[in-house]
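# Secondary and tertiary structure notes
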Amino acid sequence: MENSYYNTSSTRILIVEDNSIDAELIRLEVLKFNSESVIEVADNFKDFERSYKVFKPHIILCDFDLKRHNAFDVLDVLSNDNFKTPCVIITGVINDEETVAKLILNGAVGFIQKKDITHIRLELKRILIELDTSFSSNFNIVESKLRLIHRIKTIQASFYKLAMEMPSLMSFNEEFNENMEDLTNELESWFKNLPLKKK
(Lines give C-alpha, C1' and ligand atoms only; values in the text may rest on other atoms or scores of the structure.)
Protein backbone atom coordinates (compact mmCIF):
# COMPACT_ATOMS: atom_id res chain seq x y z
CA MET A 1 0.00 0.00 0.00
CA GLU A 2 1.38 3.41 -0.96
CA ASN A 3 1.87 5.78 2.00
CA SER A 4 1.65 2.73 4.23
CA TYR A 5 2.45 2.84 7.94
CA TYR A 6 3.04 -0.88 7.93
CA ASN A 7 5.68 -0.70 5.21
CA THR A 8 7.33 2.55 6.27
CA SER A 9 10.85 2.57 7.71
CA SER A 10 10.22 5.71 9.75
CA THR A 11 7.43 4.69 12.10
CA ARG A 12 7.83 6.86 15.20
CA ILE A 13 7.48 5.00 18.51
CA LEU A 14 7.43 6.82 21.85
CA ILE A 15 8.30 4.68 24.87
CA VAL A 16 7.10 6.14 28.17
CA GLU A 17 9.00 4.25 30.87
CA ASP A 18 10.84 5.45 33.99
CA ASN A 19 12.85 2.26 34.45
CA SER A 20 15.87 2.40 32.14
CA ILE A 21 16.27 -1.39 31.98
CA ASP A 22 12.62 -1.94 31.04
CA ALA A 23 12.80 0.91 28.54
CA GLU A 24 15.76 -0.80 26.85
CA LEU A 25 13.95 -4.15 26.75
CA ILE A 26 10.94 -2.50 25.12
CA ARG A 27 13.19 -0.66 22.66
CA LEU A 28 14.87 -3.92 21.65
CA GLU A 29 11.48 -5.56 21.02
CA VAL A 30 10.47 -2.64 18.79
CA LEU A 31 13.71 -2.97 16.84
CA LYS A 32 13.14 -6.70 16.44
CA PHE A 33 9.83 -5.85 14.81
CA ASN A 34 11.29 -3.11 12.62
CA SER A 35 14.99 -2.29 12.90
CA GLU A 36 14.46 1.09 11.23
CA SER A 37 11.77 2.40 13.58
CA VAL A 38 12.47 5.86 15.00
CA ILE A 39 12.31 5.53 18.79
CA GLU A 40 12.24 8.12 21.55
CA VAL A 41 12.09 7.42 25.30
CA ALA A 42 10.42 9.62 27.91
CA ASP A 43 11.16 8.66 31.51
CA ASN A 44 8.69 11.01 33.18
CA PHE A 45 5.34 12.66 32.52
CA LYS A 46 6.79 16.07 31.66
CA ASP A 47 9.10 14.54 29.06
CA PHE A 48 6.15 12.59 27.67
CA GLU A 49 4.17 15.82 27.14
CA ARG A 50 7.13 17.40 25.37
CA SER A 51 7.83 14.35 23.21
CA TYR A 52 4.18 13.97 22.29
CA LYS A 53 4.09 17.51 20.91
CA VAL A 54 7.54 17.61 19.31
CA PHE A 55 8.29 14.01 18.31
CA LYS A 56 4.68 13.36 17.23
CA PRO A 57 4.73 9.57 17.59
CA HIS A 58 2.63 7.20 15.54
CA ILE A 59 2.37 4.83 18.51
CA ILE A 60 2.96 5.16 22.27
CA LEU A 61 4.12 2.28 24.46
CA CYS A 62 3.48 3.39 28.04
CA ASP A 63 4.33 1.93 31.44
CA PHE A 64 1.42 2.10 33.88
CA ASP A 65 3.33 3.54 36.84
CA LEU A 66 5.23 6.80 36.26
CA LYS A 67 6.03 7.78 39.84
CA ARG A 68 3.78 10.80 40.50
CA HIS A 69 1.72 10.00 37.39
CA ASN A 70 0.39 6.92 35.66
CA ALA A 71 -1.03 5.73 32.36
CA PHE A 72 -4.39 7.37 33.06
CA ASP A 73 -2.66 10.77 32.99
CA VAL A 74 -1.10 9.92 29.62
CA LEU A 75 -4.44 8.77 28.23
CA ASP A 76 -6.04 11.97 29.49
CA VAL A 77 -3.60 14.03 27.41
CA LEU A 78 -4.36 11.92 24.34
CA SER A 79 -8.11 12.24 24.85
CA ASN A 80 -7.85 16.03 24.51
CA ASP A 81 -6.28 15.69 21.08
CA ASN A 82 -8.48 15.28 18.00
CA PHE A 83 -5.76 13.10 16.51
CA LYS A 84 -5.89 9.86 18.48
CA THR A 85 -2.45 8.32 18.87
CA PRO A 86 -2.68 4.59 19.70
CA CYS A 87 -1.37 3.88 23.20
CA VAL A 88 -0.46 0.42 24.47
CA ILE A 89 -0.07 0.01 28.23
CA ILE A 90 2.85 -2.13 29.38
CA THR A 91 3.03 -3.08 33.05
CA GLY A 92 4.41 -5.52 35.53
CA VAL A 93 2.21 -4.50 38.44
CA ILE A 94 -1.38 -4.64 37.19
CA ASN A 95 -3.25 -7.82 36.41
CA ASP A 96 -6.80 -7.17 37.62
CA GLU A 97 -9.50 -7.05 34.96
CA GLU A 98 -11.20 -3.96 36.40
CA THR A 99 -8.14 -1.73 35.95
CA VAL A 100 -7.50 -3.13 32.48
CA ALA A 101 -11.12 -2.41 31.54
CA LYS A 102 -10.79 1.18 32.82
CA LEU A 103 -7.63 1.68 30.78
CA ILE A 104 -9.36 0.46 27.63
CA LEU A 105 -12.40 2.67 28.34
CA ASN A 106 -10.04 5.63 28.74
CA GLY A 107 -8.53 5.06 25.31
CA ALA A 108 -5.79 2.42 25.58
CA VAL A 109 -5.72 0.20 22.50
CA GLY A 110 -3.78 -2.65 24.08
CA PHE A 111 -2.41 -4.06 27.32
CA ILE A 112 0.78 -6.09 27.76
CA GLN A 113 2.32 -7.65 30.86
CA LYS A 114 6.08 -7.13 31.10
CA LYS A 115 6.52 -10.87 31.55
CA ASP A 116 5.04 -11.17 28.03
CA ILE A 117 7.20 -8.40 26.57
CA THR A 118 7.63 -10.21 23.24
CA HIS A 119 3.91 -9.58 22.58
CA ILE A 120 4.91 -6.02 21.70
CA ARG A 121 5.73 -7.18 18.19
CA LEU A 122 2.24 -8.61 17.70
CA GLU A 123 0.64 -5.41 19.02
CA LEU A 124 2.74 -3.22 16.74
CA LYS A 125 1.79 -5.30 13.71
CA ARG A 126 -1.91 -5.12 14.59
CA ILE A 127 -1.85 -1.36 15.22
CA LEU A 128 0.13 -0.50 12.11
CA ILE A 129 -2.29 -2.46 9.94
CA GLU A 130 -5.16 -0.52 11.55
CA LEU A 131 -3.33 2.76 10.94
CA ASP A 132 -3.07 1.87 7.26
CA THR A 133 -6.85 1.54 7.13
CA SER A 134 -7.28 4.80 9.02
CA PHE A 135 -4.88 6.57 6.66
CA SER A 136 -6.96 5.45 3.68
CA SER A 137 -10.14 6.63 5.41
CA ASN A 138 -8.60 10.02 6.22
CA PHE A 139 -7.47 10.46 2.63
CA ASN A 140 -11.00 9.75 1.39
CA ILE A 141 -12.45 12.25 3.89
CA VAL A 142 -10.07 15.02 2.82
CA GLU A 143 -10.70 14.22 -0.83
CA SER A 144 -14.48 14.45 -0.23
CA LYS A 145 -14.09 17.84 1.47
CA LEU A 146 -12.10 19.26 -1.44
CA ARG A 147 -14.62 17.86 -3.91
CA LEU A 148 -17.59 19.44 -2.06
CA ILE A 149 -15.92 22.84 -1.76
CA HIS A 150 -15.00 22.74 -5.44
CA ARG A 151 -18.67 22.10 -6.27
CA ILE A 152 -19.74 25.07 -4.15
CA LYS A 153 -17.29 27.32 -6.01
CA THR A 154 -18.58 25.97 -9.32
CA ILE A 155 -22.19 26.75 -8.32
CA GLN A 156 -21.14 30.29 -7.33
CA ALA A 157 -19.45 30.82 -10.68
CA SER A 158 -22.45 29.42 -12.56
CA PHE A 159 -24.88 31.69 -10.69
CA TYR A 160 -22.70 34.73 -11.39
CA LYS A 161 -22.58 33.85 -15.09
CA LEU A 162 -26.37 33.48 -15.11
CA ALA A 163 -26.76 36.81 -13.27
CA MET A 164 -24.60 38.52 -15.90
CA GLU A 165 -26.97 37.25 -18.58
CA MET A 166 -30.07 38.11 -16.52
CA PRO A 167 -29.43 41.44 -14.74
CA SER A 168 -32.55 40.98 -12.61
CA LEU A 169 -30.68 38.24 -10.73
CA MET A 170 -27.63 40.40 -9.99
CA SER A 171 -29.25 41.86 -6.87
CA PHE A 172 -29.37 38.33 -5.43
CA ASN A 173 -25.76 37.51 -6.28
CA GLU A 174 -24.20 39.04 -3.15
CA GLU A 175 -26.67 37.30 -0.81
CA PHE A 176 -26.19 34.03 -2.69
CA ASN A 177 -22.42 34.28 -2.35
CA GLU A 178 -22.70 35.00 1.37
CA ASN A 179 -24.83 31.87 1.83
CA MET A 180 -22.36 29.79 -0.15
CA GLU A 181 -19.45 31.12 1.92
CA ASP A 182 -21.33 30.28 5.12
CA LEU A 183 -21.88 26.76 3.81
CA THR A 184 -18.18 26.44 2.95
CA ASN A 185 -17.18 27.58 6.44
CA GLU A 186 -19.60 25.11 8.04
CA LEU A 187 -18.13 22.28 5.94
CA GLU A 188 -14.58 23.31 6.91
CA SER A 189 -15.55 23.35 10.58
CA TRP A 190 -17.30 19.98 10.37
CA PHE A 191 -14.36 18.30 8.64
CA LYS A 192 -11.89 19.92 11.06
CA ASN A 193 -13.67 18.36 14.04
CA LEU A 194 -13.71 14.84 12.64
CA PRO A 195 -11.62 12.47 14.81
CA LEU A 196 -8.92 11.79 12.24
CA LYS A 197 -5.84 9.70 12.91
CA LYS A 198 -2.46 11.29 13.19
CA LYS A 199 -0.27 10.63 10.21
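Look a little higher up for the structure.
Let me sum up the structure you'll find in this document. (Residues numbered from 1 in each chain as written. Predicted model: local features only at pLDDT ≥ 70, side-chain atom pairs only at ≥ 80, totals over all residues. Heavy atoms only, no water.)

### Structural notes on the pairing of strand 2 (residues 38-42)
Inspection of the sheet shows strand 1 (residues 12-16) paired to strand 2 by five bridges, in the parallel sense. Residue pairing in the sheet places R12 in a bridge with V38 of strand 2. Where the polypeptide runs from strand 1 across helix 1 (residues 20-33) and back to strand 2, its parallel neighbour, the crossover connection is right-handed. (Pairing = 2+ DSSP bridges. Helix = DSSP H or I, 4+ residues; strand = E, 2+ residues; numbered from the N terminus. Right-handed = clockwise from strand over helix to strand, strands pointing away.)

### Structural notes on the packing of aromatic side chains
The tally for this structure, following the rule as stated, stands at four aromatic pairs. For the ring pair F48 and Y52, a centre distance of 5.9 Å and an interplane angle of 25 degrees mean the geometry is stacked. With a gap of four residues between them, F48 and Y52 both fall in helix 2 (residues 45-54), about one helical turn apart. For F48, a relative accessible area of 0% corresponds to the buried category. On the basis of relative accessibility, which here comes to 6%, the residue Y52 falls in the buried class. Here the aromatic rings of F64 and F72 are separated by 5.9 Å at their centres, their planes lie at 85 degrees, and the arrangement is edge-to-face. Taking relative accessible area as the criterion, F64 reaches 13% and is therefore assigned buried. Feature note: the residues F45, F48 and Y52 constitute an aromatic cluster, connected by ring pairs. (Phe/Tyr/Trp six-rings, centres within 6.5 Å; stacked < 30°, edge-to-face > 60°. Buried < 20%, exposed > 50% of the residue type's maximum accessible area, 1.4 Å probe, protein only.)

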